Structures are given as structure tokens and as C-alpha cells.
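# Per-entry structural report
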Amino acid sequence: MNILLWHVHGSWTTAFVQGPHTYLIPVLPDRGPDGRGRALTYDWPGSVQELSPRRLRDTPVDLVVLQRPHEEDLVRRWLGRRPGRDVPAVYLEHNAPPGPVPDARHPMADRTDLTLVHVTHFNRLFWDNGRTPTTVIEHGIVDPGHRYTGELPRAAVVVNEPVRRGRTTGTDLLPELAGAAPLDVFGMRTEGLAEHLGLPPARCRTADLPQARLHDELARRRLYLHPVRWTSLGLSLLEAMHLGLPVVALATTEAVAAVPEGAGVISTRPEELARAARHYVAEPEAAARDGALARRTALRRYGLHRFLTDWDRLIEEVTGS
């Protein structure tokens, strides 16, 4: 099939485009948010095609995967068709609701002409979806392989914009956790984090790396630290588990279901997370053992085959093919 979707979430799209279809990605001259085209830092197959709005109008489209509310208007303007009426459509929601839960009404609530797809059961529960047909397709990961060495007695953290996002991403918890294990924080706009937190540079290093290099560097760290208070289930957490890292995470949102007993430590008490980090730094054999269980769990629950099979099943239902 020809599936139209925007390049919004690089890691998720990397898994999605491993399927058997042709994936049409809009591209604009400025490669801005509505026309990024193919990814530059992820490995996408040749079945991913960049198309300008003019070319899209003359291209058969079997399914539209919407990810932002305004993309519906883009489809109308660029294709001359209405998603859900003139062309089959699903709306993929990556995120947990941003506001108070009682008032978290989804932008696609009470739509009967499309299917709303959540990436976690937590997200489906906390969004008010109204009468819109709703399903959950959990994340899938392109397996990077068991690369874990744990040779560096440091904790890896992956987060974008930790200074701006603050308490949402648990940035305020990092000073206490850095006292238990020195941190390497990877992600966009992490510069100046140590100074912001009042930490010595050696206790909180930062870097922004492409995915392939990031995987290699994560695997060298002793453990993966996930101090996020409120988020959807971060793909970086699942990638770390695939790599074989043990996980130390706040017991919030979907992390409770993703990290089983024996694959790490989850808790709502930051002091327990600090204690777990100290344990893994001091006991590399325990870290390797728990990381191996984390990998087995991730392969079973968040493997690529299951993910693509679930999506193909939904695509068949939505398109009637």
C-alpha cells in the first residue's frame, strides 16, 4: 500500500517503515516541521519516498497516518481529499495528555470516520477519547543487538531539552542521582545542564549523537536511568533494554508495565533509585545479569515483528483490503 505520513517522530517512524509498504513522506524546500522528508540520522529503507505537495496530489494514497491535528488540513489542501471520508485514515497519538487528566479531551474525540491509535495503554486510559474507535499498538524497536559492555561505571540518561522541560523530565532529580552515579545525558539541547544543576562537569556530561553512535555509547554505560515524571513510554528506554542495560526508573506512566522485576529497579522514591544506581555501579555482574533480562523482555514485548504485524492487521481493517 501507499501510506502517507509526516516525519514527526524519527525513532517511531524508523520502526514503522520497516514494513512491506511504500511510505510517502512530504518534503518542503525548507525541510521544516511539515516537510522534513527522509531522516538524515536514521537508517530508512528505499521504500520511503520523499514527495512534494504537488507530486502528492497525483499519487495514489491508500492510507493516511495523521500525527498532529493540523495535518488533516494539509491533506485537504495538498491532496484535495478529506481524511476518513475520501481516503482511509488513522490518527496516531504519541503522547500522554499534557493537561489535567479530568480535562484531557483528545483533539480527535468523538470522530467516527477514523481510528485513534495510542502507543501505550496508559495513554489510552488517560486521554478522553470520546466515541472515537480506539486501539493500542505498543512500540516496536529495530533490534540494535546485545551490545552491552557496561565498562563505564556511569548512568546513561536520554532526554531532549532537560533544562526547559524541568520537572516533567525529572531534571530536578538529577543532582541527587548524580551523587549515586555520574551521569551522561544524551539528547537535543542538553548543553549547560551541569551548570544549570550546579553539578561539576564530570558528574553530568552531555552529548547529542545520531542513533547509531548513541546505541554504542549507551551500551558502554553501566545502567540506564529514566527519571521522567510524565511522558509516554520513551523509545530510548526500550532501546536501552534491547541493548542489554539494566533500568533504574521512576514508577510512573507506562514504565511500570515495561520494566519487569529483575530487569532493574522502578520506584516512586528517588532515594531508592539512587540506591539502585549505586548498587549497579558497584556490582557490574549484577548489572549485566539484570540487563540481559531487560533485553529478553524487550524482545518479547517490543519486538519489531509483533509491532509490524499489529499495524498490518489494523491497516487491513481500516482500508478493507
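Notes on the structure in this doc start here. Quick caveat: nothing in here was measured; it's all calculated off a predicted structure. (Residues numbered from 1 in each chain as written. Predicted model: local features only at pLDDT ≥ 70, side-chain atom pairs only at ≥ 80, totals over all residues. Heavy atoms only, no water.)

### Quick notes on the overall build of the protein chain
Heads up, the rule is: Each helix is a run of DSSP H or I of at least 4 residues and each strand a run of E of at least 2, with the numbering of both proceeding from the N terminus. With the radius of gyration taken over C-alpha atoms, the globule rule is written as 2.2 Å times the number of residues to the power 0.38. Exposure categories follow from relative accessible area, calculated using a 1.4 Å probe and restricted to protein chains: below 20% of the type maximum is buried, above 50% is exposed, and the middle band is partly exposed. Whether two residues touch is decided by their heavy atoms; if any such pair falls within 4.5 Å, the residues are in contact. What sets the accessible areas is the Shrake-Rupley method with a 1.4 Å probe; for residues, cover comes only from the shown protein chains.
Of the regular secondary structure elements, the protein chain holds 13 helices and 13 strands. Against the compact-globule benchmark of 20 Å for 321 residues, the protein chain has a radius of gyration of 20 Å, which places it among compact chains. Projected onto the principal axes, the alpha-carbon positions of the protein chain cover approximately 60 × 40 × 35 Å. Residues classed as buried in the protein chain amount to 56% of the 321 residues present. Nonlocal contacts in the protein chain, meaning residues at least 24 apart in sequence, comprise 65% of its contacts between residues at least 6 apart. Carbon and sulfur atoms form 50% of the exposed surface of the protein chain, whose accessible area is close to 13900 Å².

### Digging into the environment of Ser-321
Tracing the backbone shows Ser-321 in the segment after helix H13 (304–319). Sequence spacing of Ser-321 and Pro-284 is 37 residues, and the spatial spacing of their C-alpha atoms is 51 Å. Residues contacting Ser-321, with those up to four places away along its chain left out, are Met-1 and Glu-316.

### Side note on helix H12 (residues 284–301)
Let me state the cut-off plainly: Expected helix span is given by 1.5 Å per residue-to-residue step, counting one fewer step than there are residues.
The end-to-end C-alpha distance of H12 is 26 Å, a good match for the 26 Å that 18 residues give at a rise of 1.5 Å each. If you check which residues of H12 are buried, you get Ala-286, Ala-287, Asp-290, Gly-291, Ala-294, Arg-295, Thr-297 and Ala-298. Packing partners of the buried residues in H12 comprise strand S11 (221–226), helix H9 (235–243), helix H10 (255–258), strand S13 (264–267) and helix H11 (270–282).

### Quick word on unusual backbone geometry
Despite not being glycine, Arg-31 shows a phi value in the positive range, around 50°. Phi is positive for Thr-253, close to 45°, though the residue is something other than glycine. Inspection of the secondary structure assignment puts Thr-253 in the loop between strand S12 (247–250) and H10.

By themselves, these figures tell us nothing about what the structure is for.
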